[in-house]
Amino acid sequence: SLSAIFLCIYWKVPKNLFAFSAIGLLLAIQPYLLANMWYNSSIIGVISTILLIIIAFILCGKVSSEQQRIKKISFIIIALMLFILALGAYPSVINTMAIVFIGRIIIDIFLEWDGLFNGLKSILNRHKWTAITAGMSGACLKIIHVWLSYMGWLQFSYHTDTIALKDFIPHAIKVIDTAFATFSYYNFPFFPTYLIKLFVIVFCCAAAISILNIFIDARSKQSAKMLICQKITKALAFCFLTIMLIILSKSAAFIAKSLIPLTSAHTLFFGDAFLHIFPIALIFIQRFHLPKNLMVIVCLVLINICLIQDALALKIWKFGFEAEKMLLNRIMMRIEENPKFSNNKRYEIITIGSFPSYRPYYYEKTNEKIGSSSLLQGGYNRAWIVFFPEFKFGNSFGISGTLYRSLIKKIPGTFSQKAIDAVDRRYASALELVKYMREEIDNAQVWPSKNSIFVKDGIKDDMGIVIIILNERELDNIKQFIKKNGL
């Protein structure tokens, strides 16, 4: 809520209750935000990054040449720290930074620029410290990453590893193509195509109305010929920056080596969600009342659709959660009935394969798979510890579970050596775990078969290991590994 209020102030939206409420609601209830809700342990910190960067932009905007040097430096240092904190907490917020900043320049050009060079220079000069401070924050974050990597404290992953310069051009082409794709026609769970199309129509109409407003603005006293040239220049600048707004909504993907953030719904919140609310702010700053009145109706329609989709998502998530909890109860009953199980031990649960997600079974539009790992496909196994605190659940790595991930450590690029060492220290060694299974592996079967769960003694007396086999392919991988290594 605070982010939306400060954003409206930064974008010069008139202090109107409906305008502030509509922009705030549409930012909060777009289904993209639901994807971040799935990461319940980090949601508050991640969403707070938006507030940090908007406050930083406002502070940078207060820097002027007339201020005292101490006050100016103070604003810049505080803004720099806020930018670094936000980027360090969640690098995808750089998408929001690009949209918020370019959006403000577009609004300034629309409201103030007369089409002459001096006017443009004045606007850009006003924002130079904002651009410099944001750039410095990115450079500082890169230095911090290099230092942490040098000290062995940072494992480069999809959100920290940057693209090599030689690969930038083909990488950038893919990013630009995907930027327009996710903006205009990609299909996400709980974000149907017609809703995306409606946002696109609103965006295009707002741009068209703004350009029309530029040409019918009669406030300038220049000659007719000069006036037309100025308006054409202003309209072209407006169009160019609007296109750049869409492209730079994927700013993080231009830098990142991995393309994972491009089509993940939880990262698209930091880009496309703000693209969707920008045209609403653009309409509310117009001088004419008709577009504003029409936008009120459009906002009500969009809010209603988003609320319906949110309610649908919550219903399906609830059904999926209950179904997975019932599965877990069956697994726990099977474990407790095992003669080797002891109530006096704490157990590490290792999965061969991943626990299933039942949410897709309750969602009719099963063809909408893009970016749906957190919206639809992911399970709730990370939350199961709430119901069974006596068990300690091992991490699930999706492809093959904790055990098999430790077995394929020799494959280049799978894990850093530090991560491999951590796995080895935690379980003594991957080979020991295989030996735990060796005597039962020939008869092992996939859940819900009787031979799908094994209870074993752990490394410590008060610890045990439970191995649950959930996937046939991963079980075959284990068998092939044992055969290949003669274990």
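## Points about the overall build of the protein
Next up, step 1: For the protein, the count of helices and strands is 20 helices and four strands.
Next up, step 2: Of all 487 residues assigned to the protein, the portion counted as buried reaches 49%.
Next up, step 3: Within the structure as shown, the protein displays about 24,200 Å² of accessible surface, and the carbon and sulfur contribution to it stands at 64%.

## Overview of the pattern of salt bridges
Next up, step 1: Under the counting rule described, the total for this entry stands at nine salt bridges.
Next up, step 2: Residue Lys12 is joined to Asp108 by a salt bridge in which the shortest nitrogen-to-oxygen separation is 2.8 Å. Taken together, the residues Lys12 in the loop between helix 1 (2-10) and helix 2 (17-29) and Asp108 in helix 6 (residues 93-112) connect sequence positions 96 residues apart.
Next up, step 3: The salt bridge involving Glu112 is made with Arg126; its shortest N-O contact spans 2.7 Å. Note that Glu112 is positioned in helix 6 and Arg126 in helix 7 (residues 117-126), a separation of 14 residues in sequence.
Next up, step 4: Take Glu112: its relative accessible area is 38%, and that puts it in the partly exposed class.
Next up, step 5: Classification of Arg126 as partly exposed rests on a relative accessible area of 28%.
Next up, step 6: Through salt bridges with shared partners, a single network forms among Lys12, Arg104, Asp108, Glu112 and Arg126.

## Here we look at helix 4 (residues 43-61)
Next up, step 1: Look at helix 4: 28 Å from first C-alpha to last across 19 residues, which is about the 27 Å you get at 1.5 Å a residue.
Next up, step 2: Taken residue by residue, helix 4 has Ile43, Val46, Thr49, Ile50, Ile53, Ile54, Ala56, Phe57, Ile58, Leu59 and Cys60 as its buried positions.
Next up, step 3: Contact partners of the buried residues in helix 4: helix 1, helix 3 (31-37), helix 5 (69-89), helix 6, helix 8 (128-150) and helix 14 (272-284).

## Quick word on the packing of aromatic side chains
In this description, an aromatic ring pair is defined by two values, namely the gap between the centres and the angle between the planes.
Next up, step 1: Evaluation of the coordinates by the stated rule reveals 15 aromatic pairs.
Next up, step 2: Ring plane angle 5 degrees and centroid distance 5.9 Å describe the contact between Phe57 and Phe101, whose orientation is recorded as stacked. With Phe57 in helix 4 and Phe101 in helix 6, this residue pair connects regions lying 44 residues apart in the sequence.
Next up, step 3: Phe57 gets classed as buried once you look at its relative accessible area, which sits at 1%.
Next up, step 4: A connected cluster of aromatic rings, assembled from ring pairs, spans Tyr10, Phe57, Phe83 and Phe101.
Next up, step 5: When the ring centre of Phe110 is taken as origin, the NZ or CZ atom of Lys234, which lies over that ring, is 6.0 Å away.
Next up, step 6: One cation-aromatic arrangement involves Arg287 over Phe288; the distance from NZ or CZ to the ring centre is 5.0 Å.

## Notes on the environment of Asn344
Next up, step 1: Tracing the sequence through the fold places Asn344 in the loop between helix 15 (289-337) and strand 1 (346-352).
Next up, step 2: For the pair formed by Asn344 and Gly464, sequence separation is 120 residues and the distance between their alpha carbons is 9.9 Å.

## Regarding the packing of helix 14 against helix 15
Next up, step 1: Viewed as axis vectors pointing N to C, helix 14 and helix 15 meet at an angle of 150 degrees, and their least axial separation amounts to 9 Å. Taken together, the axes of helix 14 and helix 15 lie roughly antiparallel to each other. The interaxial crossing formed by helix 14 with helix 15 has left-handed handedness. Residues Pro279, Ile280, Ile283 and Phe284 of helix 14 lie in contact with helix 15, whose contacting residues are Pro291, Lys292, Met295, Val296 and Cys299.
Next up, step 2: When the residues that make up the contact of helix 14 with helix 15 are grouped by side-chain class, the tally is eight nonpolar, no polar and one charged.

## Some remarks on a nonpolar patch on the surface
Next up, step 1: Taken together, Leu212, Phe215, Ile216, Ile228, Ile232, Leu236 and Phe288 make up a surface patch of nonpolar side chains, about 630 Å² in accessible area.
Next up, step 2: Elements supplying a minimum of two residues to the nonpolar patch: helix 10 (193-216) and helix 11 (224-247).
Next up, step 3: Residue class for Ile232 comes out partly exposed when judged on its relative accessible area of 39%.

## Observations regarding the environment of Ser249
Next up, step 1: Looking at where Ser249 falls in the secondary structure, it is placed in the loop between helix 11 and helix 12 (251-255).
Next up, step 2: Setting aside its immediate chain neighbours within four residues, Ser249 contacts Asn95, Ile99, Gly271, Asp272 and Leu275.

## Focus: the nonpolar core
Side chains that are nonpolar tend, in soluble globular proteins, to be buried together.
Next up, step 1: Formed by 96 residues in total, the largest nonpolar core has its most connected members in Trp11 and Val13.
Next up, step 2: No other element matches the 11 residues that helix 6 contributes to this core.
Next up, step 3: Counting 15 residues, the second-largest nonpolar core is a separate cluster that includes Phe355, Trp447, Ile453 and Val466.

## Some words on the pairing of strand 4 (residues 463-469)
Next up, step 1: By the criterion of burial, strand 4 is predominantly enclosed, with six of the seven residues buried.
Next up, step 2: Two strands pair when backbone bridges link them, and strand 1 and strand 4 are joined in this way by seven bridges, in the parallel orientation. Its bridge partner being in strand 4, Tyr347 is matched across the sheet by Gly464.

## Observations regarding the confidence of the model for the protein
Next up, step 1: Of all residues in the protein, 78% attain a pLDDT of 70 or more, and the chain-wide mean is 78.
Next up, step 2: When mean pLDDT is taken per element in the protein, helix 14 scores highest with 93 and strand 2 (residues 391-393) scores lowest with 38.
Next up, step 3: Low pLDDT, under 50, characterises residues 382-415; the predicted model gives this stretch 82 contacts beyond four residues in sequence or across chains.

## Some words on unusual backbone geometry
Next up, step 1: Along the chain, Trp447 connects to Pro448 via a cis peptide bond; the corresponding omega equals 15 degrees.
Next up, step 2: Structurally, Pro448 can be placed in the loop between helix 19 (430-438) and strand 3 (453-457).
Next up, step 3: Although it is not a glycine, Lys12 sits at a positive phi angle of roughly 65 degrees.
Next up, step 4: The phi dihedral of Phe190 is positive, around 65 degrees, even though this residue is not glycine.
Next up, step 5: Of the residues examined, Phe190 reaches a relative accessible area of 0% and is grouped as buried.

## Some thoughts on the packing of helix 10 against helix 14
Next up, step 1: The contact between helix 10 and helix 14 brings their axes to 9 Å, and the two run at 35 degrees. Here the hand of the crossing between helix 10 and helix 14 comes out left-handed. For the pair helix 10 and helix 14, the contacting residues are Phe199, Val202, Phe203, Ala206, Ile209 and Ser210 in the first and Leu275, His276, Phe278, Pro279, Leu282 and Ile283 in the second.

Definitions and limits used
- Residues numbered from 1 in each chain as written.
- Predicted model: local features only at pLDDT ≥ 70, side-chain atom pairs only at ≥ 80, totals over all residues.
- Heavy atoms only, no water.
- Helix = DSSP H or I, 4+ residues; strand = E, 2+ residues; numbered from the N terminus.
- Buried < 20%, exposed > 50% of the residue type's maximum accessible area, 1.4 Å probe, protein only.
- Areas by Shrake-Rupley, 256 points an atom, 1.4 Å probe, with all protein chains shown as cover.
- Salt bridge = Lys/Arg side-chain N within 4 Å of Asp/Glu carboxyl O.
- Expected span 1.5 Å × (residues − 1).
- Contact = heavy atoms within 4.5 Å.
- Phe/Tyr/Trp six-rings, centres within 6.5 Å; stacked < 30°, edge-to-face > 60°.
- Lys NZ or Arg CZ within 6 Å of the ring centre and 35° of its normal.
- Axes fitted to C-alpha atoms, helices over the stretch in contact; angles between N-to-C directions.
- Parallel < 35°, antiparallel > 145°, perpendicular 65-115°, else oblique.
- Left-handed = near helix turned anticlockwise from the far one by under 90°.
- Nonpolar A, V, L, I, M, F, W, Y, C, P; charged D, E, K, R; others polar.
- Patch = residues over 30% accessible without salt bridge, like charges linked within 9 Å, V, L, I, M, F, W, Y side chains within 5 Å.
- Core = buried A, V, L, I, M, F, W, Y, C linked by side-chain atoms within 4.5 Å.
- Pairing = 2+ DSSP bridges.
- pLDDT = per-residue confidence, 0-100.

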